[in-house]
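Okay, here's what each chain looks like letter by letter:
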Amino acid sequence: MNKTFEKVFAKAKSENRSCFVAFVTGMDPDYNSSKKILLELSNYCDVIEVGVSFNTSTSDSSIIMGANDRAIKSGVKTGKIFKLIKEVKKEINSDTAFVTMGYLNQIHVYGIDRYIKNCKKSGIDGCIVVDSNNESPEDDKIFEGLTKNDIAFIKLIAPTNDSNYIKQSLKKSSSWLYIVSYAGVTGSKEVNINNVKKLAKMIRKQSKIPIGVGFGIKNYNDVKKVSKLADLVVCGSSIVEKIKEGSQKGLTNQNLAQFVGKYVKKLSQGVKH
């Protein structure tokens, strides 16, 4: 298991709670504001998932696609996301784990070896590659490279996946598995607790690996419900929506970060058991 995740899980266990994970799109709405947001969120989050913008994303709702568009307008590049995370990691005092969320096409174009090398240099603790196939040679290469560098490869498990797919995914996962609570794009439906229970049961038959749950977790009550079933609770679209709301009010930098942070602080309190 990645060393930062070991610390994150140990801390949550000692405090009798699940871990809280916030998703934001890197460089939304701009580099400096995004940096301030990440610094602020590190006060309330065990894990921060940073989306690497992609204009032909297959799993994101209009909310996240809007954030991707804002980040692209602000000049986002994969290299800038690495720089952003590296700067934030240097400035925070907590053991917050940082994860990148992106697509195979981006990594392939950037160069798999180069991507992994820069993840290591930036202090990134884990990678989610949304559309990577367990059986593809690229997936094997990413898994091997990340493992050599003590970076978690975080696999997504959807309601459409069977126990055989879970078995394959477990072979490439050491830190945690990410359950997608419904079939569809992020934030488009309510969290599906029945799917979560079913998938968690399938995973538990094969492994004691920590389980994260995301998609459709939009408020404090959702966080509270899911935290009873999961080791990590992932909130994304509602936080991204808050960034948009603050931006539309003309907030930037620290003012925007505090506006978003106040919202995330309340959400994160739902993980207490």
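Here goes a summary of the coordinates provided.

### Some remarks on the overall build of the protein
Reasoning step 1: Within the protein one finds twelve helices and nine strands.
Reasoning step 2: Its C-alpha radius of gyration of 17 Å places the protein within 12% of the 19 Å reference for a compact globule of 273 residues.
Reasoning step 3: By its C-alpha atoms, the protein is 50 × 40 × 35 Å across when sized along the principal axes.
Reasoning step 4: Residues classed as buried in the protein amount to 56% of the 273 residues present.
Reasoning step 5: Sequence separation of at least 24 residues holds for 74% of the intrachain contacts in the protein that already meet a minimum separation of 6.
Reasoning step 6: Approximately 12,100 Å² of the protein is accessible, and the part contributed by carbon and sulfur atoms is 49%.
Reasoning step 7: Within the protein, one finds 43 positive and 27 negative side-chain charges whose respective centroids are separated by 4 Å.

### Observations concerning the pattern of salt bridges
Reasoning step 1: Counting across every chain of the model gives 18 salt bridges.
Reasoning step 2: In this structure, Asp139 and Lys172 form a salt bridge, with 2.6 Å as the shortest nitrogen-oxygen distance. Of this pair, Asp139 sits in helix α7 (residues 137-148) while Lys172 sits in the loop between α8 (163-171) and β7 (177-180); the two residues are 33 residues apart in sequence, bridging distant segments of the chain. The pair Asp139 / Lys172 is uniform in exposure class, with both members buried.
Reasoning step 3: Put simply, Lys11, Glu15, Arg17 and Asp46 are held in one network by salt bridges that share partners.

### What about helix α2 (residues 31-41)?
Reasoning step 1: Extensive coverage of α2 is indicated by the burial of nine of its eleven residues.
Reasoning step 2: Residues of α2 that are buried include every one of Tyr31, Ser33, Ser34, Lys35, Ile37, Leu38, Leu39, Glu40 and Leu41, and no others.
Reasoning step 3: The elements touched by buried residues of α2 are β1 (19-25), β2 (47-51), α4 (78-91), β3 (97-102), α11 (237-248) and α12 (253-268).
Reasoning step 4: The distance from a side-chain oxygen at the start of α2 to the backbone nitrogen of Asn32 is 3.2 Å, and the residue carrying that oxygen is Asp30.

### A word on α8
Reasoning step 1: Taken together, the buried positions of α8 are occupied by Ile166, Ser169 and Leu170. When α8 is viewed along its axis, its buried side chains cluster within an angular range of 100 degrees and face the same direction.
Reasoning step 2: Looking at the buried residues of α8, the elements they touch are β6 (156-157), β7 and α9 (193-204).

### A closer look at the packing of α2 against α4
Reasoning step 1: The interhelical angle for the contact between α2 and α4, taken along N-to-C directions, is 40 degrees, at an axis separation of 10 Å. Judged by the angle between their axes, α2 and α4 are oblique. Regarding α2 and α4, the two cross each other, and that crossing is right-handed. On α4, the residues touching Tyr31, Ser34, Lys35, Leu38 and Leu39 of α2 are Lys80, Lys83, Leu84, Glu87, Val88 and Glu91.
Reasoning step 2: Looking at the contact of α2 with α4 residue by residue, the classes come out as five nonpolar, one polar and five charged.

### Brief notes about the sheet that holds strand β5 (residues 152-153)
Reasoning step 1: Strand order in this open sheet of nine strands is β5-β4-β3-β2-β1-β9-β8-β7-β6, and the pairing throughout is parallel. Where the open sheet ends on each side, the last strands, each with one partner, are β5 and β6.

### What to know about the nonpolar core
Reasoning step 1: Counting 64 residues, the largest nonpolar core has Phe20 and Leu41 as the members making the most contacts within it.
Reasoning step 2: Setting aside its immediate chain neighbours within four residues, Phe20 contacts Tyr44, Cys45, Asp46, Val47, Val223, Val233, Cys235, Val264, Leu267, Ser268 and Val271.
Reasoning step 3: Formed by 26 residues, the second largest nonpolar core is a distinct cluster that contains Cys19, Val21, Val47 and Ile64.

### Section: a positive patch on the surface
Reasoning step 1: Together, Lys86, Lys90, Lys117 and Lys121 make up a positively charged patch on the protein surface.
Reasoning step 2: Within the element layout of this structure, Lys117 appears in helix α6 (residues 112-122).

### Topic: the packing of aromatic side chains
Reasoning step 1: Counting across every chain of the model gives nine aromatic pairs.
Reasoning step 2: Both rings, one in Phe5 and one in Phe9, keep their centres 6.0 Å apart while their planes meet at 25 degrees; by these two values the pair is stacked. In this pair, Phe5 and Phe9 both sit in helix α1 (residues 3-14), four residues apart, roughly one turn of the helix. Just as Phe5 is buried, Phe9 falls in that class too.
Reasoning step 3: Ring geometry for Phe82 against Tyr110: centres 5.7 Å apart, planes inclined by 50 degrees, an arrangement best described as tilted. Taken as a pair, Phe82 in helix α4 and Tyr110 in helix α5 (residues 104-110) lie far apart in primary sequence, 28 residues in all. Both residues of the pair, Phe82 and Tyr110, belong to the buried class.
Reasoning step 4: Ring pairing ties together the aromatic residues Phe5, Phe9, Trp176, Tyr178, Tyr182 and Phe215, which thus form one cluster.

Calculation criteria
Residues numbered from 1 in each chain as written. Predicted model: local features only at pLDDT ≥ 70, side-chain atom pairs only at ≥ 80, totals over all residues. Heavy atoms only, no water. Helix = DSSP H or I, 4+ residues; strand = E, 2+ residues; numbered from the N terminus. Rg over C-alpha atoms; globule rule 2.2 N^0.38 Å. Buried < 20%, exposed > 50% of the residue type's maximum accessible area, 1.4 Å probe, protein only. Contact = heavy atoms within 4.5 Å. Areas by Shrake-Rupley, 256 points an atom, 1.4 Å probe, with all protein chains shown as cover. Lys, Arg positive; Asp, Glu negative; His and termini not counted. Charge placed at Lys NZ, Arg CZ, Asp CG, Glu CD. Salt bridge = Lys/Arg side-chain N within 4 Å of Asp/Glu carboxyl O. Polar contact = N/O pair within 3.5 Å; in protein donor to acceptor, adjacent residues only side chain to side chain. Arc of directions from axis to C-beta. Axes fitted to C-alpha atoms, helices over the stretch in contact; angles between N-to-C directions. Parallel < 35°, antiparallel > 145°, perpendicular 65-115°, else oblique. Left-handed = near helix turned anticlockwise from the far one by under 90°. Nonpolar A, V, L, I, M, F, W, Y, C, P; charged D, E, K, R; others polar. Pairing = 2+ DSSP bridges. Core = buried A, V, L, I, M, F, W, Y, C linked by side-chain atoms within 4.5 Å. Patch = residues over 30% accessible without salt bridge, like charges linked within 9 Å, V, L, I, M, F, W, Y side chains within 5 Å. Phe/Tyr/Trp six-rings, centres within 6.5 Å; stacked < 30°, edge-to-face > 60°.

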